[in-house]
Structure formats: structure tokens, C-alpha cells
Amino acid sequence: IKTGEPSLIQSTCAYCGVGCGVDIGVADGKATSLVGSAAHPSNYGRLCVKGSNLLNTIDLTGRLLSPEIAGEQVSWDKATDYVAEQFNDIIKKYGKDSVAFYVSGQLLTEDYYIANKLMKGYIGSGNIDTNSRLCMSSAVSAYKRAFGEDVVPCTYQDLEETDLLLLTGSNAAWTHPVLYQRIERAKKINPAMKVVVIDPRKTATCELADNFIQLKPGTDAAFFNGLLHFLSENQGLDTDYIAQHTEGFEQALTQATSWTVTKVAEFCQVSIEELTTVYQLFCSSEKAITFYSMGINQSSSGVDKCQTIINCHLASGKIGKAGSGPFSITGQPNAMGGREVGGLANQLAAHMDIDNPQHQDKVQRFWQSPTIANKQGAKAIDLFDKLASGEIKAVWIMATNPVVSLPNRAKITAALKKCELVVVSDCVEQNDTLAFADVKLPATPWLEKNGTVTNSERRISRQRNAVLPAGQAKHDWQIIQDVATKMGFSGFDFDDVSDVFKEHAQLTQFENDGERLLDLSGLSQLTAKEYNELAPIQWPVNDANPEGCARVYADGKFNTPSGKAKFIPVKPQLPLQKTSAEFPFVLNSGRLRDQWHTMTRTGKTNKLSKHTDKPYLYLHPTDAKALAVQNDDMLSITASTGQAIAHVKVDAKQRLGECFMPIHWNQNYASHGNVSDLYQSIVDPLSGQAESKQGAVALGKK
Ligand code: SF4
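Calculation rules
- Residues numbered from 1 in each chain as written.
- Predicted model: local features only at pLDDT ≥ 70, side-chain atom pairs only at ≥ 80, totals over all residues.
- Heavy atoms only, no water.
- Core = buried A, V, L, I, M, F, W, Y, C linked by side-chain atoms within 4.5 Å.
- Buried < 20%, exposed > 50% of the residue type's maximum accessible area, 1.4 Å probe, protein only.
- Helix = DSSP H or I, 4+ residues; strand = E, 2+ residues; numbered from the N terminus.
- Contact = heavy atoms within 4.5 Å.
- Salt bridge = Lys/Arg side-chain N within 4 Å of Asp/Glu carboxyl O.
- Near = heavy atom within 4 Å.
- 1 Å grid on protein atoms, 1.4 Å probe; cavity = no way out; pocket = protein on both sides within 12 Å on 5 of 7 lines; lining within 4 Å.
- Sits in = over half its atoms within 2 Å of the grid points.
- Nonpolar A, V, L, I, M, F, W, Y, C, P; charged D, E, K, R; others polar.

**Some details on the nonpolar core**
- Judged by nonpolar contacts, the single largest core of 170 residues is most densely connected at Ile24, Phe87, Phe101, Leu118, Phe147, Phe223 and Trp396.
- Of the residues forming this core, the biggest block, eight residues, is contributed by helix α3 (residues 109–123).
- Those residues in contact with Phe87, other than ones at most four positions away along the chain, are Val99, Ala100, Phe101, Ala394, Val395, Trp396, Leu421, Val423 and Met487.
- Counting residues in hydrophobic clusters, the runner-up holds 25 residues, among them Ala100, Leu416, Val422 and Ala437.

Below, the structure written as C-alpha cells:
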């Protein structure tokens with residue numbers, strides 16, 4: 001960082017998984033301007049309203065600027081001594097699995113790498129999980145089952161080159177606005193391109209839709225099983241592709257065969273005509289993309305839903321080609337970077353498997369670490385259950401606010417109260433989770449942080465520091481490294497963030513004879529200067545792909561033992577949180593256009609509150625009439641897990657008997673609009689991802 005001299009720093013937006021590049025003007029050590037980076041291939045200069053307002057959310061009000069123990073300011077030395085001693089004592093007394101880290105898709109890859117290395121290679125437990133569990137872990141499990149590795153096959157350019165785009169479980173116009181803008185432009189240039197939106201709500205994304213399937217919530221797997229059956233009945237199969245590059249087709253088709261158009265229409269509560277039109281479109285389009293997000297993943301059968309999507313692409317050969325493929329879009333800026341280094345409790349590192357003894361041996365030899373985790377750790381919901389039961393005694397939460405974002409707030413707060421030690425690293429002074437912290441550690445936020453992120457198209461971009469850390473704030477990787485060293489571990493002596501990245505890249509290359517597509521060998525010898533100047537690049541980056549690789553699986557070779565992609569037969573399941581006479585309304589949740597997560601940053605500027613300034617519950621006019629409520633009236637929303645209060649927004653785009661509430665507000669807001677109070681902590685058994693799109697609630701006028 002050069003102080004005094006005006007300069008331009010290229011960085012990446014702090015918010016969603018689109019990963020837009022930004023150019024930040026800096027003068028006198030302060031950020032003075034921000035525009036979309038025209039050179040960044042993920043956004044080509046575009047930004048959404050959240051990204052455009054990044055500099056309006058960086059003032060120092062409410063920042064945590066020095067370490068604290070029990071509410072008293074202390075030196076870094078004392079704070080890290082204390083955390084290291086406490087962790088060591090607890091591990092000595094109760095064993096390695098009595099401690100846990102709960103981290104975040106807001107961390108940079110280097111932060112994630114150090115946290116994972118400490119927990120899995122030195123403490124020796126799998127107990128590190130991330131809020132990305134809530135975002136895309138179902139997509140990860142499905143890719144792993146189908147392709148043998150957690151690999152997103154597509155690139156953003158495919159969205160512009162396709163004939164047909166199915167958007168399912170995604171309100172991209174609000175949640176991934178720059179991708180929506182790219183789709184909008186592509187459709188203008190190529191009016192023959194068709195867009196289909198499949199969603200229980202008629203969202204802003206439908207403005208671009210040629211066809212809209214307003215299906216019953218939770219019925220997506222039936223929709224895609226029906227599509228697979230339709231393909232087989234209407235010459236839509238690519239039999240050569242199936243024969244050469246896949247296995248298990250017959251079993252998947254057998255499971256889908258009963259899903260006739262008539263049965264799917266009845267099950268999904270849509271018309272036969274609408275369904276047939278969309279199935280026919282998929283069948284006849286040479287190229288098709290299925291773009292999916294939280295509406296698919298956040299389900300008690302999310303992995304299966306993803307699997308049915310992948311099955312349709314494999315069956316029709318619409319994968320590994322321009323404009324074709326199943327394309328999951330992550331919510332957070334670095335959800336994919338976390339996946340690469342093993343930030344999920346069921347992974348090891350560099351896409352190696354935690355329960356594979358050869359992989360355990362490989363990672364331990366690379367790290368030269370004293371131990372290695374040999375079994376899965378506790379996934380997010382399970383982790384907090386174990387805190388509540390006392391099985392886990394100490395937790396270190398980094399860059400996330402689980403009291404607001406995890407389902408069943410009462411359970412999460414009880415778990416944190418029970419915990420012997422709660423350490424929280426964050427950049428803000430107060431939030432609902434920090435209220436439970438025994439130790440608060442000030443971490444650098446976006447603009448001060450320095451490292452890399454990987455976006456939804458496998459593109460690694462630099463998030464560069466444009467200003468110096470405020471107060472005593474330190475980078476997360478440095479904080480974790482200090483604690484690791486004080487716990488008595490060697491292997492944490494990185495002088496510079498580029499050294500951390502290099503070690504991560506070298507691990508992806510280590511004894512990787514092609515068994516893993518995640519190969520950053522082309523970046524494993526970067527100097528600090530080259531790392532600092534690194535231009536956005538999509539992995540794999542290796543001898544075969546020195547400039548990175550936009551689209552993978554073009555050769556039809558997958559990372560399964562047979563080299564073939566696997567069809568997975570799916571029996572569609574309905575959501576497990578069911579309505580009843582006591583709780584008759586289905587509760588859906590999601591993001592608004594102008595807010596991010598629990599609003600600790602976007603809540604700082606009035607400019608972003610203009611779009612929606614308070615927690616609303618969106619409700620069908622007929623339901624509003626029956627409840628005798630109008631716009632802006634207050635409603636109490638009661639579930640078996642808790643209660644919230646929100647203002648009414650009458651919205652004919654809702655289905656009857658179903659309501660929608662944004663995820664952003666917390667209990668501190670006057671109207672008490674914390675939606676996570678209203679969900680049970682029910683998860684997909686394979687991915688551990690929570691069912692956050694379907695609750696059961698009762699509504700009453702306040
Ligand atoms: Fe940031 Fe996402 Fe908006 Fe791009 S689309 S500017 S990454 S919030």
C-alpha cells in the first residue's frame with residue numbers, strides 16, 4: 001500500500017458469488033472512488049447496487065478495533081495467549097473433538113487454508129465447518145456423487161451462448177444481479193434464446209422469462225425426473241454420450257419412468273400444457289443451461305434435487321459444451337475457495353477426501369503435520385447441537401453471525417451459552433453472536449483484507465487491500481497463525497499472504513496425477529510480486545491449461561474411478577417441515593435486492609434501505625383478506641421454534657397459503673423480524689444443508 005500517492009487498486013466485490021471486479025481509487029491512504037472493473041471477465045465493468053455502494057459501508061463506526069477478553073480491552077499478545085491456552089487445556093481435558101471452528105464464505109482462501117490446516121492437521125479433528133454449508137453444500141455433494149469431484153462445469157460465458165436457460169430456485173435478478181444483466185443482454189442480442197423460470201414465487205427474475213413454472217414448493221426433483229422421462233420418450237436422449245461417458249442411466253430412468261407429464265403436473269400443481277412446453281423446449285434445444293441456487297440447495301432433499309438436474313444434462317449430452325451444463329451459483333464471494341482448501345467438515349483439503357486413508361496420508365506428508373483428521377467433523381447444525389449437548393466445549397467463530405443466520409435461534413443461543421469458550425473474530429463491535437463472545441478478536445474487513453477468492457465459475461481473483469488495517473485489526477490468517485504457534489505448533493510461519501497461497505497451490509499439485517481437476521500447479525511458484533499482480537483466472541491452471549480453463553469436461557472424462565459420470569436415481573421427497581392445522585402457512589425465505597446477509601455492512605447506508613426499509617412478510621391478497629390485514633399492518637408469525645413480527649406486503653405473485661420473508665433482519669429490529677427463529681434445524685442427510693425454504697407458520701394480526 002502506498003500512502004499519499006493517488007493510485008488505482010483492482011479488487012473483488014465483498015458480497016455475492018458472482019465475484020465482480022472493482023477498481024478502487026485511493027488517495028492519502030483513503031478509498032475515494034469505486035467502479036466496476038472493465039477488465040474483469042466476470043462482470044466487464046458492471047456492478048449491482050450493493051457493489052456500487054461498497055464505499056458507503058466502510059466507515060469506522062461500529063468497528064471492533066482492539067482485542068477483548070470478557071469485555072476488557074487487552075493486547076494481542078494477551079488475547080492470543082489466552083485463546084491458545086484455553087484451546088490446549090480443553091483439548092487436553094476432553095480430546096481433540098471437543099473444540100471446533102465455525103467459519104465463513106466471507107473469509108479469503110488464505111484465511112480458510114490456515115484455519116483448515118490448524119484444525120485438521122495439527123489439532124487433528126474434522127470440526128471445522130462454514131456458513132457455506134447453508135449456501136451450496138447440497139450442490140457440492142451432488143457434483144461429487146456424479147462427477148467424482150466437486151467441480152462446476154460451466155463458465156459465465158455459457159449463459160450468453162446458450163439456446164435455453166432454465167433458472168430454478170434462483171431469483172438472480174436480486175441475488176446475482178450482474179449475471180442477470182449478462183443474461184438480459186444476451187437475450188437482447190439473441191432474441192431466439194429462451195428463458196424459463198421455475199419457482200414457487202413470481203420473482204423479479206420472471207421479467208425476463210418466456211415461460212414461468214410456478215410449482216409447488218419442494219417439488220423440483222419431480223419436475224426434473226419428469227424431464228428425464230420426457231427426454232427418453234421424445235428422442236431427447238444422447239445415446240452415444242450416455243454409452244461413452246456415463247454409467248447408471250438405466251437405474252435413474254427406471255426411477256423416473258413413473259413421472260409422466262400428467263403425474264408431474266399434478267404433483268407440482270402446474271398445468272400439463274406449461275410443463276409440456278418447457279420439456280419440449282429442453283428436448284429440442286441443442287444447448288441448455290440449468291442455473292440453480294438456494295431454492296434447490298436449501299432443502300432436506302437438496303442433493304437429490306441437484307442430482308435430478310445433473311441427470312437431465314448427462315442424458316441429453318448437454319454438458320461440457322459451449323452454452324450447456326448444470327450450473328450451481330454460490331451465494332457468497334468465496335464459498336468455492338473454501339471448498340478448495342477443505343473448509344467443510346466432510347472434506348480434507350485440495351478436494352481430497354477426509355475418510356480416504358491414502359488422502360489422509362498424502363495431506364499429512366505434505367503438511368508434515370503431527371496428526372491428521374481421519375473422519376468427518378461436525379457439520380454446521382450438528383456442530384451447534386454438539387455445543388448444546390456439551391460434546392464440543394469451545395468454538396471459534398470467524399466472520400459470521402450464526403445466531404441470526406442458522407435456523408432455530410433459541411437452540412443456537414442456548415448452545416453458545418452452554419459453551420465453555422466462545423471466541424469470535426469479526427470486524428464489527430456488536431452483533432447477535434458477539435453478545436456471547438468470551439473473547440473478541442478484531443479482524444480486517446474488505447478493503448483492508450488481502451488475498452484471493454474463487455467465484456461461481458471457478459475464477460480465482462485477488463481481493464486486494466486498498467487501505468491499512470484500522471486500529472489493531474489483523475488479517476484472519478495472521479490471527480489463526482499466531483494462535484497456532486502459541487499452541488505449540490510449527491508449520492505456521494508464513495511471512496506473507498502470497499506464501500499461504502503458494503502452499504495451497506502446491507498442495508493441489510502434490511501427487512496429483514490427474515485424479516483431481518483442482519490443480520493450481522501453474523500458480524504454485526508465484527513470487528510475491530506475481531501473486532500481487534495475479535489477473536483473474538479459472539482453475540485448473542496447469543501445464544495443459546497454462547491460462548486457466550473456462551469450461552471443463554469437454555472430453556467427457558470425469559474424476560470417478562471409471563472415468564464416467566454417474567447417474568443417481570432419485571425418488572422425489574416433499575419437504576419435512578409440513579403445514580398443519582396449527583401452522584397452516586408455508587414460509588419461504590430469501591434475499592432482498594439491496595441487502596446482504598445479516599446487514600452488518602449493507603445496513604450502514606440509507607441508500608440501500610430505500611428499496612426495502614423493514615422486514616416484510618409477502619402474502620397473497622386472498623390470504624391477506626382472510627387475515628383482515630393490509631399493506632404495512634403488523635403480523636405475528638409463529639412457528640414451533642419461535643416467533644417473529646413483520647409488516648405485511650400484499651403480493652399477488654405469492655401462491656395462496658404461502659408467504660415469503662427476507663433473511664436479513666434480526667431480533668434487535670423494532671419489529672423483531674428474524675426469519676431463522678421460524679425454521680426447525682432439519683437438514684439434508686447427505687449434505688447437512690438446512691431446509692430454509694420451507695417452514696410451517698401461523699399468522700395473526702398484531
Ligand atoms: Fe457484488 Fe454480486 Fe453485485 Fe457483483 S453482483 S457487484 S459481486 S453483490
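**Regarding the pattern of salt bridges**
- The final tally for this structure, using the stated rule, is 31 salt bridges.
- Residues Asp129 and Arg133 are paired through a salt bridge, measuring 2.7 Å at the closest nitrogen-oxygen approach.
- Residue classification places Arg133 among the buried residues on the basis of a relative accessible area of 1%.
- Glu391 is the salt-bridge partner of Lys386, the closest N and O atoms lying 3.6 Å from each other.
- Judged by relative accessible area, which is 22%, Lys386 ranks as partly exposed.

**A word on the site of the ligand**
- Every residue close to the ligand is listed here: Cys13, Tyr15, Cys16, Val18, Gly19, Cys20, Leu47, Cys48, Lys50, Gly51, Pro177 and Val178.
- Judged by the proximity of its atoms to the pocket grid, the ligand belongs to the second largest cavity.
- Sorting the residues of the shell around the ligand by element identifies α1 (49–52) and α7 (177–189) as the ones contributing at least two each.
- Of the residues in the shell around the ligand, the class split is nine nonpolar, two polar and one charged.

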